[in-house]
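Chain and residue survey
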Amino acid sequence: MNTSDDPVIEPSVSTVLVVGANGFLGGFIVAALLARGHRVLRGARVRGRVPRVDERHCDLSRMTEASDWREVLQGIDAVVNAAGILRENGPQTFASIHVDAPLALAQACVDAGVRRFVQISALGCPEDGAFIASKHRFDDALHALAIDAVVLRPSVVYALAGSYGGTSLLRALAALPFAQVLPGDGAWKIQPVAAEDLGTLVVHALAGTAGSYDVGGPEPMTLRDYQRTWRHWLRIEGDREVRVPSVLVSAQVALFELIGRGPVGKTMWRMLQRGNVTPADAWPRLHDALGFAPRPLHEVLAARPSQVQDRWHAQLYFLGPTLRIALVLLWLLSGWAGIVTPAAQIEQMVGDSWLASLAPVATARAAGVIDIVFGVWLASGWKPRLVLSLMAASVLAYTVAFGMAMPGAWLDPLGGLAKNLVVVPAIAIAWVLAERR
């Protein structure tokens, strides 16, 4: 088993381009390379500003010819490709992001004399879906080129310092207060890999033996044991389980696919059901070839005790979307009320206050339309922080206006303006939680 005392292979390269550096895995890879003294150039889409000194603009949806990469590769000794998408979206297709652009990059590396190419692929079968099939198609094409290449195909990747996508969902299911929720019977097997270990593997891969390597922990573990291990680490009491029938999970996954969102798609679900495990000799083969292999989950977790912030992260996973839905419904109902409330009732409400001089009926109707627009906007998911900021501004504005014009509204027995003392912080929390990665 690997320990921190294992010798580190000192690679011969010094300047590394990491494509997909701003992604979940890319961040850990960059950190590992910097810790070993490499100069790292971050390859990512840079829009609306000039690239920083350590950045190179890389748009894989457009850079599908070797000539597109020549300038990017100037001064580069090695390339790490950690870019990938779980769902297609417009020009970002599996063909362009996983095959065409990386293959153009690899060919440009050959032309430029770049010595090493490290590809972050994925463990699975092409039959699981287009995501895996496209990753493996590029892996095969890469090895056919005249370049020393290392392909790493990891199982489920997690991180102590955060999570993303399906791993966030699994951690949240493990962290529910009364019981952990298991997709299916929880018997499917995985070999989880710490993102920190994957970053270290990339460092070793820069000088290790070229080839393709399935990457997983030392031993397979069931999904039940994976979630239970996280639950214990988070210091959440109880081992009670609630099992969600596979047919219901499949229906939810199908809904995610239909709306184009959600942490788990059909490919990931098929991979999980099939069992995302490596061949029996994969771990020792990886260790022999690269001088390092992933640690078991319990060893990684034992290296750092959980803090209350870890529980916040896991237990807010479901509360964030729930809060957003509640705000959407509140704004839609508020807007509807502003539109259908009788004019006489509106005029009676403002009474003799200075608001009566501001065309209160027309103002209420206009405010109702604006509220409905804000509600629909927030539901769409487009620029949520902008609309939440506008929501907060509108609540503060009419709270101050009504509070000054009609002080008695603060003492409404049903809450009245007093409810806004909760609404404004709720919007602020939703604003913070709108950043999902």
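In what follows, the accompanying structure is described. (Residues numbered from 1 in each chain as written. Predicted model: local features only at pLDDT ≥ 70, side-chain atom pairs only at ≥ 80, totals over all residues. Heavy atoms only, no water.)

The next thing to look at is the overall build of the protein. A count of helical and extended segments in the protein gives 15 helices and 13 strands. Summarising its shape, the C-alpha atoms of the protein cover approximately 85 × 55 × 40 Å along the three principal directions. Out of the 437 residues belonging to the protein, those deemed buried represent 48%. A separation of at least 24 residues holds for 76% of the contacts in the protein among residues at least 6 apart in sequence. Summed over its atoms, the accessible surface of the protein is roughly 21,100 Å², and 61% of this surface lies on carbon and sulfur atoms. Distance between charge centres in the protein, computed from 39 positive and 37 negative side chains, equals 4 Å. (Helix = DSSP H or I, 4+ residues; strand = E, 2+ residues; numbered from the N terminus. Buried < 20%, exposed > 50% of the residue type's maximum accessible area, 1.4 Å probe, protein only. Contact = heavy atoms within 4.5 Å. Areas by Shrake-Rupley, 256 points an atom, 1.4 Å probe, with all protein chains shown as cover. Lys, Arg positive; Asp, Glu negative; His and termini not counted. Charge placed at Lys NZ, Arg CZ, Asp CG, Glu CD.)

This part is about the pattern of salt bridges. Applying the stated criterion across every chain yields a total of twelve salt bridges. The closest approach of N and O atoms between Asp 139 and Arg 153, which form a salt bridge, is 3.0 Å. Taken together, the residues Asp 139 in helix α3 (residues 130-143) and Arg 153 in strand β6 (residues 148-154) connect sequence positions 14 residues apart. A salt bridge links Asp 310 to Arg 304, with the shortest nitrogen-to-oxygen separation between them at 3.3 Å. Asp 310 gets classed as buried once you look at its relative accessible area, which sits at 11%. A residue is classified by how much of its surface remains accessible, and Arg 304, at 28% relative accessible area, is partly exposed. (Salt bridge = Lys/Arg side-chain N within 4 Å of Asp/Glu carboxyl O.)

Within the fold, Gln 191 resides in the loop between β9 (189-190) and β10 (193-194). Among the residues examined, Gln 191 registers a relative accessible area of 3% and is labelled buried. With 26 residues separating them in the primary sequence, Gln 191 and Gly 217 have C-alpha atoms 4.9 Å apart. Setting aside anything within four residues of it in sequence, one finds Gln 191 in contact with Ser 155, Val 156, Gly 216, Gly 217, Pro 218, Glu 219, Pro 220, Asn 276, Val 277 and Thr 278. Side-chain polar atoms of Gln 191 contact the backbone nitrogen of Thr 278, separated by 2.7 Å. (Polar contact = N/O pair within 3.5 Å; in protein donor to acceptor, adjacent residues only side chain to side chain.)

This paragraph deals with the packing of helix α11 (residues 308-340) against helix α15 (residues 420-433). Running from N to C, α11 and α15 point in directions that differ by 130 degrees, and their axes come no closer than 10 Å. Here α11 lies oblique to α15, going by the angle between them. When you trace α11 past α15, the crossing you get is left-handed. Facing Leu 316, Gly 320, Leu 323, Leu 327, Leu 330 and Trp 331 of α11, the residues of α15 in contact are Val 423, Ala 426, Ile 427, Ile 429, Ala 430 and Leu 433. Class assignment for the residues of the contact of α11 with α15 results in eleven nonpolar, one polar and no charged. (Axes fitted to C-alpha atoms, helices over the stretch in contact; angles between N-to-C directions. Parallel < 35°, antiparallel > 145°, perpendicular 65-115°, else oblique. Left-handed = near helix turned anticlockwise from the far one by under 90°. Nonpolar A, V, L, I, M, F, W, Y, C, P; charged D, E, K, R; others polar.)

Let us now look at the packing of aromatic side chains. For the structure shown, the criterion picks out eleven aromatic pairs. Look at Phe 24 and Phe 28: their rings are 5.5 Å apart centre to centre, the planes differ by 75 degrees, and that puts the pair in the edge-to-face class. Taken as a pair, Phe 24 and Phe 28 lie in helix α1 (residues 24-35) at a separation of four residues, close to a single helical turn. Under the relative-accessibility criterion, Phe 24 is labelled buried at 19%. Here the aromatic cluster, defined as three or more aromatic residues joined through ring pairs, consists of Tyr 158, Tyr 226, Trp 230 and Trp 233. The side chain of Arg 171 reaches across the aromatic face of Trp 230, ending 3.9 Å from its centre. (Phe/Tyr/Trp six-rings, centres within 6.5 Å; stacked < 30°, edge-to-face > 60°. Lys NZ or Arg CZ within 6 Å of the ring centre and 35° of its normal.)

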